[in-house]
Amino acid sequence: TAAEVKENVFTFFSSGIGGPHEYKGQDMVTAHAGMLKEKPITETAFHAVVYHVMKMMKKLRAKKSRRS
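Conventions used here
- Residue indices begin from 1 for each chain and proceed along its sequence in written order.
- Under the rules for a predicted model, residues below a pLDDT of 70 receive no local features and side-chain atom pairs below 80 are neither given nor counted, while totals for whole chains, interfaces and linings still include all residues.
- Processing note: side-chain calculations cover all non-hydrogen atoms of the structure and skip hydrogens and water entirely.
- For patches, a residue must show more than 30% relative accessible area and have no salt bridge; joins then use 9 Å for like charges and 5 Å for nonpolar side chains, namely Val, Leu, Ile, Met, Phe, Trp and Tyr.
- In these tables, accessible area is a Shrake-Rupley quantity obtained with a 1.4 Å probe, and a residue counts as shielded only by the protein chains included in the view.
- We count a salt bridge whenever a side-chain nitrogen from Lys or Arg sits within 4 Å of a carboxyl oxygen from Asp or Glu.
- Strands here are runs of E lasting at least two residues and helices are runs of H or I lasting at least four, both read from the DSSP assignment and numbered beginning at the N terminus.
- Residue burial is assigned from relative accessible area. The probe radius is 1.4 Å, only protein chains are included, and a residue is buried under 20% of its type maximum, exposed over 50%, and partly exposed in between.
- Here the term cavity refers to a set of points on a 1 Å grid, laid over the protein atoms alone, in which a 1.4 Å probe fits but cannot get out; the term pocket refers to an open set having protein on both sides within 12 Å along at least five of seven lines, with lining residues being those that place an atom within 4 Å of a point.
- Grid points are joined across faces, edges and corners, and a volume is the space filled by probe spheres set on the points.
- Here the nonpolar group is Ala, Val, Leu, Ile, Met, Phe, Trp, Tyr, Cys and Pro; Asp, Glu, Lys and Arg are the charged ones; every other residue, Gly included, is treated as polar.

## Structural notes on a nonpolar patch on the surface
Turning to step 1, where the next piece is worked out: On the surface, Val5, Val9, Phe12, Phe13 and Met28 cluster together into a nonpolar patch covering about 400 Å² of accessible area.
Turning to step 2, where the next piece is worked out: Top element by residues in the nonpolar patch is helix 1 (residues 2–16). It accounts for four residues.
Turning to step 3, where the next piece is worked out: Take phenylalanine 12: it is sitting in helix 1.
Turning to step 4, where the next piece is worked out: Note on phenylalanine 12: relative accessible area 34%, which makes it partly exposed.

## Brief notes about the layout of surface pockets
Turning to step 1, where the next piece is worked out: Approximately 710 Å³ is the volume found for the largest pocket.
Turning to step 2, where the next piece is worked out: Along the walls of the largest pocket sit 21 residues, with Val9, Met28, Ala31, His32 and Met35 positioned nearest its centre.
Turning to step 3, where the next piece is worked out: Elements supplying a minimum of two residues to the lining of the largest pocket: helix 1, helix 2 (28–31), helix 3 (35–38) and helix 4 (43–59).
Turning to step 4, where the next piece is worked out: No other element matches the six residues that helix 1 contributes to the lining of the largest pocket.
Turning to step 5, where the next piece is worked out: For the lining of the largest pocket, the residue count by class is 15 nonpolar, four polar and two charged.
Turning to step 6, where the next piece is worked out: Its boundaries defined by the atoms lining it, the second largest pocket holds a volume of some 210 Å³.
Turning to step 7, where the next piece is worked out: Of the residues forming the lining of the second largest pocket, the biggest block, four residues, is contributed by helix 1.
Turning to step 8, where the next piece is worked out: Here the lining of the second largest pocket is built from residues that sort into nine nonpolar, one polar and no charged.

## Structural notes on the environment of histidine 21
Turning to step 1, where the next piece is worked out: Tracing the chain through its elements places histidine 21 in the loop between helix 1 and helix 2.
Turning to step 2, where the next piece is worked out: Accessibility expressed as a relative area gives 35% for histidine 21, which makes it partly exposed.
Turning to step 3, where the next piece is worked out: In sequence terms histidine 21 and phenylalanine 10 are 11 residues apart; their C-alpha atoms lie 8.3 Å from each other.

Spelled out as structure tokens, the structure:
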């Protein structure tokens, strides 16, 4: 459902930047396996998404994780 996707995206990024929320979703390969059947993402589109995520993280002053 849309609510599950939102929750997984939120907890994925929270966990990735050292936040208090734990990601409990599927691994990325499993979670996105069906996307290849639809329309594979281009390298350009991937870099655009990463750029916008990083820009917003900087704007919101997200901190780097201290985990190793």
